[in-house]
Amino acid sequence: MKAWEGTFTMPLKGRSQKPRVEGFTMVIDKGLGLRATKDLLEMAAEWIDDIKLTFGTSAFYSEEILKRKIDLIRNAGVEVMPGGTFLEVAIWQGVYDGFLRRAKDLGFTMIEVSDGTIQMDAQTRARAIGKALDAGFRVISEVGKKDPAEKVPLAQLHEQIAADLANGAFKVIVEAREAGKGVGIYDEEGRIKEEEVEAIVSGVADPNCLLWEAPLKSQQQQLILRFGPNVNLGNIPPEDVLALEALRQGLRGDTLKQAYWESQR
Amino acid sequence: MKAWEGTFTMPLKGRSQKPRVEGFTMVIDKGLGLRATKDLLEMAAEWIDDIKLTFGTSAFYSEEILKRKIDLIRNAGVEVMPGGTFLEVAIWQGVYDGFLRRAKDLGFTMIEVSDGTIQMDAQTRARAIGKALDAGFRVISEVGKKDPAEKVPLAQLHEQIAADLANGAFKVIVEAREAGKGVGIYDEEGRIKEEEVEAIVSGVADPNCLLWEAPLKSQQQQLILRFGPNVNLGNIPPEDVLALEALRQGLRGDTLKQAYWESQR
Amino acid sequence: MKAWEGTFTMPLKGRSQKPRVEGFTMVIDKGLGLRATKDLLEMAAEWIDDIKLTFGTSAFYSEEILKRKIDLIRNAGVEVMPGGTFLEVAIWQGVYDGFLRRAKDLGFTMIEVSDGTIQMDAQTRARAIGKALDAGFRVISEVGKKDPAEKVPLAQLHEQIAADLANGAFKVIVEAREAGKGVGIYDEEGRIKEEEVEAIVSGVADPNCLLWEAPLKSQQQQLILRFGPNVNLGNIPPEDVLALEALRQGLRGDTLKQAYWESQR
C-alpha cells in the first residue's frame, strides 16, 4: 500500500502499471552491489521494468555474485539484461551461441541487440534477434551509433526499426550512451534536438515501440512533456528512479508546472 | 569518540554542534534505500540536521518502507520532511489538512512551505505555516521560483522572508533546485552571482535565518568563505556530507588554503 | 571464478593481476558507509588497488566505524590511505609524528605525501616520505597544485618526481582533484591537454611510476588509449570501478572501437 494513498491525486494521470507495455523504465547499472540492489528493488521495483548491467561490466562479476544479483532482480519482477556492447563483442568474436547459452544459465531474461560500436549487416542483425528469441529471451534492439561521426541516415534508421520489430524485438532503443551528450537526439550539452526526435517518430508506426535513452533530468522532462507520462525511457541512473516517477506523475516542479497552469486557465 | 582526536586541530574553528541553531546541513534525498540510509546516518548523523525526501518522491514509497526510514532518521537525531513540491500539490488540490495529518502519522518532524511552482498569496502562505506549526511540526519556508522566468522582485523576497519568520518559520530556504544552475543566486554554470547574495542579505535582520540551497562544491565553498563555517546549507547530496564538513572545518584544499595563507602572513 | 569465463576473450589484452606494479586503480572515497564498502569490495576488490579516504573526511568518522571500515578494506586485499590534504594539515601544524602513529593505530597501510595546498620545501618533503616509510607505510607522493594559479614549473615537477622515487615513493600521483577540471593536465572542461601529458612523461624514466588522477570517463579513455590498459589511474569514483575495467579491457564502446577497427583492417 502506498504511504500517502487517499490524501491527494497525481497531477499527471494515466501512469501505466506493471507489467507495462508502455511507460517502460530501464535502469542503467554500472555495478551496484547486492545491498544496493536490494535497496533499489525495495524502494522502486514497481517503477522499474528492466535493469541493464551496462557495457561489459557483468564480465567482471564473480559467478556467485552475478547469479545472486540476477535472482534478486527477477524475484522483484524486473527484467535483467547484459549491455549491448557485450553482445557486440560476442558477435564479432563469433561466440554468440555460447554467449546466449551462458546468459541463460546465469539467469538473464532479456537481450539487447545493438551495433553501437561494431558493424552489423541486416541479416546478421535479424539472425541475432531470432537466436535470442529462440533461446527464450525477450529482445530489445537498439539503433544509433555511439560515435557521432558515424551517424546513421534517417531512412536506414526507419528501416532498421521496422525490421527489428518485424523480427520480434518488443521495443527499439534510441542510443544516447551513459552520458546523453553529443549523441543521437542530444547536442553537446545534452539538450534535445527536437527536429531529430520528430524525424525519428515520423517514420515509425507507433511511437510506443521506441525507448529513448535519457539519462539527464532535462531530457526525461522534455520527453514526458512531448509524449506523456508513459513514454519509454532508458539509461536511468538507479538513484533517479523515484525522481523520474515524480516527473512522470507531476510531483516535480518541471511537469507539475504544466498541469498546474492548465488548471488555472 | 572521533578517530583522530587529539592529533591535530581543525583549521577553521567554531563549528557548531547539535542541536544547531546555525550551521545547519540539510540533505536532499531522492530515494535512498534503508541500507543506504543506515550507512549515511552511521557515518554522518552528527553533521546532518535535516533530510528532505525531495519533490514528491515519498509518494512512491510503500507505507512500511517510509515509516521504517523515517524512524531510522529520527532515531539518529535528524529531522525529516517531505519536499516542498509535494506540499504545493496538496495546497493546490485543497487537501492540505489531510496532508499534514498523514505527514504526522508517517512520522515526519518538519514541513517545508514553498511556492516554487504554484501561486500562493501571502495569506495562504501564512496559514500554511500556521497550520503546520499547530500540527506540531517545525517549519522551514522557501523563497524563490523554480522557473527563472518567474523571478520574484527583491522587495517582495525581503517581505516574504520577514513575514515567514514572524509567522514562525525557523529558517527560510533560498531556492536553487537539485541542480543549482540557472536559478536564484546561481548562473547557468552554477556560479554564485555575488551581487544577488548581497542583495538578499541586505534586507534580512540576521543572515543566520537564511538557508542556501547549494548542491555544488564550488557553491558551498564560496558561501563558507563568505559567511563562515556555520552558514546554513541545503540540497547537499548524501554522498557529499563529509566532504562538506571537510570544507566547513578547513580539511579540504579550498578552505584550508585561506586558513593556511592567513597563518603565513 | 568469473561468470562468463570461456565464452569470449577480452578485446584489449594484457591486463595486470594483483598484486599490481602497473595498472593501479585508486578509488576516491568521500565517506562510503560500511554496507556500501562491503558492496564495493564484494563486486570489485580484484580491480581496486587502493582506496583513498579523501581530503580530511576520515577526521569525521567515529573511531569504531573507521577501524571497521579499514579492516574490511584490508581484508579484501586493498590498500587504504587518508587524503593528502589531511597530511598537509598535520605537517603545517607540526604534528606529523602523531599523525603517522595514529594512522598506524587505525590500520591505514599507505600514506600520500602531497603539497597541493601548503608550501613544502624539498627537505621537508623528503623527510615526510622517509618518516612514513620508517613507520611501515607504503608511500605514494603527489605533484601539482590544487590551485591552477600556482602552477609548478615543468623542470621542478620532473625534479620532484625523481626525488620522490629516489626517496622511496613507489608511485607519484599527478594532481587533478575530485572534479578533474581546470587543474593539471585538464582544461576547464576536463579535456586532456595532450602536450602537458607528453611534457610530464618526457622527463620521467618510466611512465609506470606515474599515477594519473582521472575522475572522468573521457580522461580514463584517453589515458588508456595513450598508455594502454595498465596505465595507473586515480580518483576513480567507487561507482565507476567496473566501468573503468570495461574501458581498460575493451568491453566499453570507447576502447572496444579501437580494437575492433584494428581487427577489420
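Here's what I pulled together on the structure shown here. (Residues numbered from 1 in each chain as written. Chains lettered and ligands numbered in written order. Predicted model: local features only at pLDDT ≥ 70, side-chain atom pairs only at ≥ 80, totals over all residues. Heavy atoms only, no water.)

1. Comments concerning the overall build of chain A
Each helix and strand in chain A was counted, giving 10 helices and eight strands. In terms of overall dimensions, chain A is globule-like: its C-alpha atoms have a radius of gyration of 18 Å, near the 18 Å expected for 265 residues. Taken along its principal axes, the extent of the C-alpha atoms in chain A is 60 × 45 × 30 Å. For chain A, the proportion of its 265 residues judged to be buried stands at 62%. Of the accessible surface of chain A, which amounts to about 9,700 Å², a share of 50% is contributed by carbon and sulfur atoms. (Helix = DSSP H or I, 4+ residues; strand = E, 2+ residues; numbered from the N terminus. Rg over C-alpha atoms; globule rule 2.2 N^0.38 Å. Buried < 20%, exposed > 50% of the residue type's maximum accessible area, 1.4 Å probe, protein only. Areas by Shrake-Rupley, 256 points an atom, 1.4 Å probe, with all protein chains shown as cover.)

2. Some thoughts on the interface of chain A and chain C
Taken together, the contacts link 39 residues of chain A with 35 residues of chain C. Taken together, the two surfaces of chain A and chain C that pack against each other cover about 3,300 Å², and 64% of this comes from carbon and sulfur. Considering only the side of chain A, the residues that lose the most area to chain C are Arg35, Phe60 and Trp92 of chain A, jointly responsible for 25% of the buried surface there. At the junction of chain A and chain C, the tally comes to seven salt bridges. With a closest N to O distance of 2.8 Å, Arg252 of chain C and Glu178 of chain A form a salt bridge. Inspection of the chain A/chain C interface yields 17 residue pairs in polar contact (both at pLDDT 80 or more). At the level of elements, helix H1 (34–44), helix H2 (63–75), helix H3 (84–92) and helix H4 (96–106) of chain A are the ones that each hand at least two residues to the side of chain A that touches chain C. It is H4 of chain A that provides the largest number of residues to the side of chain A that touches chain C, a total of five residues. Residues belonging to the side of chain A that touches chain C are distributed by class as follows: 19 nonpolar, 11 polar and nine charged. (Contact = heavy atoms within 4.5 Å. Buried area = accessible area lost by both parts, 1.4 Å probe. Salt bridge = Lys/Arg side-chain N within 4 Å of Asp/Glu carboxyl O. Polar contact = N/O pair within 3.5 Å; in protein donor to acceptor, adjacent residues only side chain to side chain. Nonpolar A, V, L, I, M, F, W, Y, C, P; charged D, E, K, R; others polar.)

3. A short note on the packing of helix H8 (residues 217–227) of chain A against helix H9 (residues 241–248) of chain A
Residues and elements named next belong to chain A. The N-to-C vectors of H8 and H9 enclose an angle of 30 degrees; their axes lie 10 Å apart at closest approach. When the axes of H8 and H9 are compared, the pair comes out roughly parallel. Both H8 and H9 take part in a crossing whose hand is right-handed. Residue-level inspection shows Lys217, Gln220, Gln221 and Ile224 of H8 in contact with H9, the latter providing Leu244, Leu247 and Arg248. Within the contact of H8 with H9, the residues separate by chemical class into three nonpolar, two polar and two charged. (Axes fitted to C-alpha atoms, helices over the stretch in contact; angles between N-to-C directions. Parallel < 35°, antiparallel > 145°, perpendicular 65-115°, else oblique. Left-handed = near helix turned anticlockwise from the far one by under 90°.)

4. A closer look at the pairing of strand E2 (residues 50–53) of chain C
The two faces of a sheet get side chains in turn, since along a regular strand they alternate between them. All names here are of chain C. Here E2 shows two buried faces, one formed by Asp50 and Lys52 and the other by Ile51 and Leu53. The sheet contact formed by strand E1 (residues 25–29) and E2 spans four bridges and is parallel. Within E2, the position partnered with Val27 by the bridge is Ile51. Crossover connection from E1 via helix H1 (residues 34–44) to parallel E2: handedness right-handed. As a crossover connection, the stretch from E2 through helix H2 (residues 63–75) into strand E3 (residues 79–82) is right-handed. (Pairing = 2+ DSSP bridges. Right-handed = clockwise from strand over helix to strand, strands pointing away.)

5. Re the interface of chain A and chain B
At the interface, 35 residues of chain A touch 39 residues of chain B. With both chains or domains summed, chain A and chain B bury close to 3,300 Å², and 64% of this area falls on carbon and sulfur atoms. A per-residue breakdown of the area chain A buries against chain B is headed by Trp4, Met43 and Tyr260 of chain A, which together make up 23% of the total. Connecting chain A to chain B are seven salt bridges.

6. Points about the sheet that holds strand E5 (residues 138–143) of chain C
Residue and element names in this part refer to chain C. Taking strand neighbours across the sheet as the criterion, the eight strands line up as E3-E2-E1-E8-E7-E6-E5-E4 in an open arrangement whose pairing is parallel. Each edge of the sheet is formed by a strand with only one pairing partner; in this case those strands are E3 and strand E4 (110–113). When the angles between neighbouring strand axes are averaged without regard to direction, this sheet yields 25 degrees. Two elements, E5 and strand E6 (residues 171–174), share four bridges in a ladder whose sense is parallel.

7. Looking at the relation of the copies chain A and chain C
Turning chain A through 120 degrees and shifting it by 0.0 Å along the axis lays it on chain C, with an RMSD of 0.0 Å. In short, the pair behaves as if placed about a three-fold rotation axis. (Least-squares fit on C-alpha atoms with pLDDT ≥ 70 in both.)

8. Observations regarding the sheet that holds strand E8 (residues 232–236) of chain B
All names here are of chain B. The eight strands are arranged E3-E2-E1-E8-E7-E6-E5-E4 in an open sheet whose pairing can be described as parallel. Since the sheet does not close on itself, it has two edges, and those belong to strand E3 (79–82) and strand E4 (110–113), each with one partner. In this sheet, adjacent strand axes meet at a mean angle of 25 degrees when their direction is disregarded. Two strands pair when backbone bridges link them, and strand E1 (residues 25–29) and E8 are joined in this way by two bridges, in the parallel orientation. Across the sheet, the residue bridging to Thr25 is Leu233, located in E8. Relative to the sheet, helix H9 (residues 241–249) contacts E1 and E8, its axis offset from that of E8 by approximately 155 degrees.

9. Some points on the nonpolar core
Core analysis: the biggest nonpolar cluster contains 241 residues, and Trp212 of chain A, Trp212 of chain B together with Trp212 of chain C have the highest contact counts within it. For Trp212 of chain C, the contacting residues outside a window of four places in its chain are Val174, Ile185, Val197, Ile200, Val201, Leu223, Phe227, Val231, Asn232, Leu233 and Gly234 of chain C. (Core = buried A, V, L, I, M, F, W, Y, C linked by side-chain atoms within 4.5 Å.)

10. What to know about the packing of aromatic side chains
Per the counting criterion, the structure on display carries 33 aromatic pairs over all chains. With a centroid separation of 5.3 Å and an interplanar angle of 70 degrees, the aromatic rings of Tyr260 of chain A and Trp261 of chain A are classed as edge-to-face. A relative accessible area of 3% means that Tyr260 of chain A is categorised as buried. A connected cluster of aromatic rings, assembled from ring pairs, spans Trp4 and Phe8 of chain A together with Phe86, Tyr96, Phe99 and Phe108 of chain B. Over the ring of Phe137 of chain A we find Lys104 of chain A, and its NZ or CZ is 4.7 Å from the ring centre. Cation over ring: Arg138 of chain C sits above Phe170 of chain C, and NZ or CZ is 3.8 Å from the ring centre. (Phe/Tyr/Trp six-rings, centres within 6.5 Å; stacked < 30°, edge-to-face > 60°. Lys NZ or Arg CZ within 6 Å of the ring centre and 35° of its normal.)

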